[in-house]
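# Coordinate inspection notes
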Amino acid sequence: GLVLEWMTAFTQEALHGADDPGRIERSVDARLGPDGAGGICLWVTEGEPVSLAGFGGPTPNGLRIGPVYTPPEQRGHGYGSAVTAAASSIGLERGKRFCFLYTDLANPTSNAIYMRLGYRPVCDSREIAFTLDPSAPSLPPDAPGSASVRLGSESDDGSPLDHWLTLLFGPS
């Protein structure tokens, strides 16, 4: 439906490319799931939805707002601001002390909107996607207490990066 269409459009625009449709659908389903931890707000004007804000990822004290999407033909009317404020209010009404969101530093429009709504910068973050290196050595499945996996990725300039991830487990 419309929510899935807009979430896909958000992913294509904000994340600069198409995402796995199955993952987007699972994300929508999770926000609308029975646990009530997340949700999706639609801002409606004259009977027509004009903007969307999702929320989820609750912490003990906060709630993540996002994604926020307004179709290009509806932009410039304050709908994104209104739906973001509504989603934020829901988080606070649910007893959260604060709401938080991720924003694209290269998008001055959304950053100005979030500042006007009361959001303040806290930190910069960066997402790095790793892929499993099938040639990495592995521990025997019965090795107690830990597992190591070699992960491969690329830096911004395309050169390979190597990373090791060690998972430690308590007594079973």
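Note: the structure precedes this text.
Presented here is a report on the structure given in the accompanying data block. (Residues numbered from 1 in each chain as written. Predicted model: local features only at pLDDT ≥ 70, side-chain atom pairs only at ≥ 80, totals over all residues. Heavy atoms only, no water.)

With that settled, the discussion passes to the overall build of the chain. A count of helical and extended segments in the chain gives 4 helices and 7 strands. Starting at the N terminus, the α and β elements of the chain follow one another as α-α-β-β-β-α-β-α-β-β-β. Looking at the 172 residues of the chain, the share that counts as buried comes to 28%. Across the chain, every contact between residues at least 6 apart in sequence was considered, and the portion connecting residues at least 24 apart equals 41%. Of the roughly 11,400 Å² of accessible surface on the chain, 57% is carried by carbon and sulfur atoms. (Helix = DSSP H or I, 4+ residues; strand = E, 2+ residues; numbered from the N terminus. Buried < 20%, exposed > 50% of the residue type's maximum accessible area, 1.4 Å probe, protein only. Contact = heavy atoms within 4.5 Å. Areas by Shrake-Rupley, 256 points an atom, 1.4 Å probe, with all protein chains shown as cover.)

For threonine 70, the position within the fold is in the loop between β3 (62–69) and α3 (79–93). Threonine 70 sits in the buried class, given a relative accessible area of 9%. Within the local environment of threonine 70, its side chain forms a polar contact with the side chain of serine 51, the two groups lying 2.6 Å apart. Once you skip the residues sitting within four places of it in the chain, threonine 70 turns out to touch Val50, Ser51, Arg75, Tyr79 and Gly80. (Polar contact = N/O pair within 3.5 Å; in protein donor to acceptor, adjacent residues only side chain to side chain.)

With that settled, consider the pairing of β3. The element β3 is largely enclosed, with a buried count of 7 among its 8 residues. In the sheet, strand β2 (residues 48–56) pairs with β3 via 4 bridges, with the strands oriented antiparallel. Across the sheet, the residue bridging to leucine 52 is tyrosine 69, located in β3. Joining the antiparallel neighbours β2 and β3 is a turn of 5 residues, in which glycine 57 adopts a positive phi near 55 degrees. With 4 bridges connecting them, β3 and strand β4 (residues 98–101) associate as parallel partners. Its bridge partner being in β4, arginine 64 is matched across the sheet by phenylalanine 100. You can see the chain leave β3, run along α3 and come back into β4, and the turn it takes is right-handed. (Pairing = 2+ DSSP bridges. Right-handed = clockwise from strand over helix to strand, strands pointing away.)

Let's shift gears to the packing of aromatic side chains. By the definition in use, this model includes 3 aromatic pairs. Ring centres of phenylalanine 98 and phenylalanine 100 lie 6.3 Å apart, and the angle between their planes is 50 degrees; this geometry places the pair in the tilted category. Here phenylalanine 98 falls in the partly exposed class, since its relative accessible area comes to 36%. Ring centres 6.2 Å apart and planes at 70 degrees place the aromatic pair tyrosine 114 and tyrosine 119 in the edge-to-face group. We note that tyrosine 114, like tyrosine 119, is buried. (Phe/Tyr/Trp six-rings, centres within 6.5 Å; stacked < 30°, edge-to-face > 60°.)

For the rest of this paragraph, the subject is the sheet that holds β4. Taking strand neighbours across the sheet as the criterion, the 4 strands line up as β1-β2-β3-β4 in an open arrangement whose pairing is mixed. The open sheet has two free edges, formed respectively by β1 (39–45) and β4, since each of these has just one partner strand. Put simply, the sheet's adjacent strands are angled 30 degrees from each other on average, direction ignored. (Axes fitted to C-alpha atoms, helices over the stretch in contact; angles between N-to-C directions.)

The subject of this paragraph is the pattern of salt bridges. By the definition in use, this model includes 1 salt bridge. Here arginine 75 and glutamate 13 are joined by a salt bridge, their closest N and O atoms 2.9 Å apart. Of this pair, arginine 75 sits in the loop between β3 and α3 while glutamate 13 sits in helix α1 (residues 2–14), placing them 62 residues apart in sequence. (Salt bridge = Lys/Arg side-chain N within 4 Å of Asp/Glu carboxyl O.)

Coordinates in, geometry out; function isn't part of it.
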